[in-house]
Amino acid sequence: MSNSSTNESFTSSIDVSSPFFIGSSDNPNFVLVSNVFTSVGFNSWKLSMVISLSAKNKLGFVDGTIIAPLSTSSTYSNWFRANSMVVSWILNSVSKMIVDSLLFLPTAKEIWQELHHRFEQSDGALIYQMQQQLYSLSQGADDFSSYFTKFTKLWDKVRMIQFIPNCTCGASVAINKFFEEKRLIQLLMGLDESYKIIRGEILMMKPLPYVLTAYSLLIQEERQRGINLPSTLSNDAVIMQISSDSSCAQNAHLQSLQEIRAHKGLILPSYWFSFNLQIHEEQER
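Below: a short report on this structure. Per-chain numbering applies: the sequence of each chain, read as written, is numbered from 1 onward. Local features in this predicted model are restricted to residues whose pLDDT is 70 or higher, and side-chain atom pairs enter the listing and the counts only when it is 80 or higher, whereas totals over whole chains, interfaces and linings include all residues. Derived side-chain values reflect all non-hydrogen atoms in the structure, with water molecules and hydrogen atoms excluded from consideration.

**Topic: the overall build of the protein**
Just so we agree on the cut-off: Each helix is a run of H or I in the DSSP string that is no shorter than four residues. Each strand is a run of E no shorter than two, and both are numbered from the N terminus. A 1.4 Å probe rolled over the protein chains alone gives each residue an accessible area, and that area as a share of the maximum for its type sets the label: buried under 20%, exposed over 50%, partly exposed in between. For every accessible area listed, the method is Shrake-Rupley and the probe measures 1.4 Å; residues are considered covered only by the protein chains on display.
The helix and strand tally for the protein stands at twelve helices and zero strands. Expressed as a percentage of its 285 residues, the buried residues of the protein come to 30%. Accessible area for the protein stands at about 18800 Å²; split by element, carbon and sulfur atoms hold 58% of it.

**So, the pattern of salt bridges**
Any two side chains of opposite charge can pair, on the condition that their charged atoms come close. This is how it is decided: A pair is scored as a salt bridge if a Lys or Arg side-chain nitrogen falls within 4 Å of a carboxyl oxygen belonging to Asp or Glu.
In the structure shown here, the tally under the stated rule is seven salt bridges. In this structure, Asp-26 engages Lys-56 in a salt bridge whose closest nitrogen and oxygen atoms are separated by 2.7 Å. Note that Asp-26 is positioned in the loop between helix 1 (2-12) and helix 2 (42-55) and Lys-56 in the loop between helix 2 and helix 3 (60-63), a separation of 30 residues in sequence. A relative accessible area of 21% means that Lys-56 is categorised as partly exposed. Across the salt bridge formed by Asp-142 and Lys-150, the nearest N and O atoms sit 2.7 Å from each other.

**A word on helix 9 (residues 172-189)**
Under the convention used in this document: Given a helix with a known number of residues, its expected span is that number minus one, times 1.5 Å.
Across its 18 residues, helix 9 extends 26 Å between first and last C-alpha, which sits within 8% of the 26 Å expected from 1.5 Å per residue. Three or more residues of helix 9 are buried, namely Ser-172, Phe-179, Glu-180, Arg-183, Leu-184, Gln-186, Leu-187 and Leu-188.

**Describing a nonpolar patch on the surface**
What counts, and what does not: A patch consists of residues whose relative accessible area exceeds 30% and which take part in no salt bridge; residues with like charges are grouped when within 9 Å of each other, and nonpolar side chains (Val, Leu, Ile, Met, Phe, Trp, Tyr) when within 5 Å.
Taken together, the side chains of Ile-185, Met-189 and Leu-203 present a nonpolar region at the surface, about 270 Å² in accessible area. Owing to a relative accessible area of 32%, Ile-185 belongs among the partly exposed residues under this scheme.

**A look at the packing of aromatic side chains**
Heads up, the rule is: Two rings from Phe, Tyr or Trp (for Trp, the six-membered ring) form a pair when their centres sit within 6.5 Å of each other. Planes less than 30 degrees apart are called stacked, planes more than 60 degrees apart edge-to-face, and all others tilted. Here, over-ring charges are defined by two tests on the NZ atom of lysine or the CZ atom of arginine: distance to the ring centre within 6 Å, and angle to the ring normal within 35 degrees.
Evaluation of the coordinates by the stated rule reveals 18 aromatic pairs. Arranged with centres 6.1 Å apart and planes meeting at 55°, the rings of Phe-20 and Phe-61 form a pair that is tilted. Of the two residues, Phe-20 is situated in the loop between helix 1 and helix 2 and Phe-61 in helix 3; the sequence distance between them amounts to 41 residues. For Phe-20, a relative accessible area of 15% corresponds to the buried category. Under the relative-accessibility criterion, Phe-61 is labelled buried at 3%. Between Tyr-76 and Trp-79 the ring centres are 5.7 Å apart and the planes differ by 35°, which places this aromatic pair in the tilted class. Taken together, the residues span about one helical turn, with Tyr-76 and Trp-79 both in helix 4 (residues 76-92) at a distance of three residues. On the basis of relative accessible area, Trp-79 is assigned to the buried category, the value being 6%. Over the ring of Phe-30 we find Lys-56, and its NZ or CZ is 4.6 Å from the ring centre.

**Section: the packing of helix 7 (residues 124-136) against helix 8 (residues 144-161)**
Condition: Axis lines are fitted through C-alpha atoms, for helices just across the contact stretch, and the angle between N-to-C directions can take any value from 0 to 180 degrees. Relative orientations are named as follows: roughly parallel for angles under 35 degrees, roughly antiparallel for angles over 145 degrees, roughly perpendicular for angles from 65 to 115 degrees, and oblique for any other angle. A crossing counts as left-handed when the near helix is turned anticlockwise from the far one by less than a right angle, and as right-handed when that turn is clockwise. It only takes one pair of heavy atoms within 4.5 Å for two residues to be counted as in contact. Under the scheme applied here, ten amino acids are nonpolar (Ala, Val, Leu, Ile, Met, Phe, Trp, Tyr, Cys and Pro), four are charged (Asp, Glu, Lys and Arg), and all others, including Gly, are polar.
Two elements in contact, helix 7 and helix 8, have axes whose closest approach is 10 Å; the angle formed by their N-to-C orientations is 155°. By the angle between their directions, the pair helix 7 and helix 8 is classed as roughly antiparallel. By crossing handedness, the relation of helix 7 to helix 8 is classed as left-handed. Contact with helix 7, carried on its side by Leu-126, Ile-127, Met-130, Gln-131, Gln-133 and Leu-134, involves Phe-151, Leu-154, Trp-155, Lys-157, Val-158 and Ile-161 of helix 8 and no other residues of that element. Of the residues contributing to the contact of helix 7 with helix 8, the split by class is nine nonpolar, two polar and one charged.

Any functional reading would require information that these geometric values do not contain.
Structure, rendered in structure tokens:
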């Protein structure tokens, strides 16, 4: 009870906007990301961790912006407590095999740097594999929405692996335009041939539209096809229904004759049934 009171008073003395503040819902067993890192896909894991740490106001402990105070400083205990919490969160977010090699690093910053050195280096084989998947991706039998989802997922993975820092120079607009046009062309290349007309119209636009604009045009095209599809099939459906009704009528007529024959005890020749069925068919025509 006394320990709980001490912790509450300790926490209440720290401003909630301070990175040293630890909320009541924070605990060392907390897992920040849904997928534990297992040495594959470091960049996507890192992005998820950065988002989660930023939301917790603890990103400074891993990127070096929060510097460890001297052990004699009055803020050292606050820093040490918050740093230990971040260390626990990182260790909970990687596989046990990786954890064993990080346990003896004292700060969250050192653990973060170690992970960077070991896993952030570009993997040439992985880049080749992802680029190959991207260039071989085609719509096939998928609807456009499903194809676009697959394409975006692959494109984002490639951009994550081949990370390009944000540029604030004058060339940034041209660089962004280059990648946007490259993405658009790649998307259009994988479309089914039934989209060749709308694809040609998009390629004729000057300047080329953004990918999201092209997405909107292609979705409208797909929806329009969905509206027109029932009318295309209506004739075949009607013919099939008429054929089915005619067959049912013939069977019902023959069955009624057979029932009369059985009920009256009449012995009617088989040609009599054929003759009546022929008359019935001529009347229907």
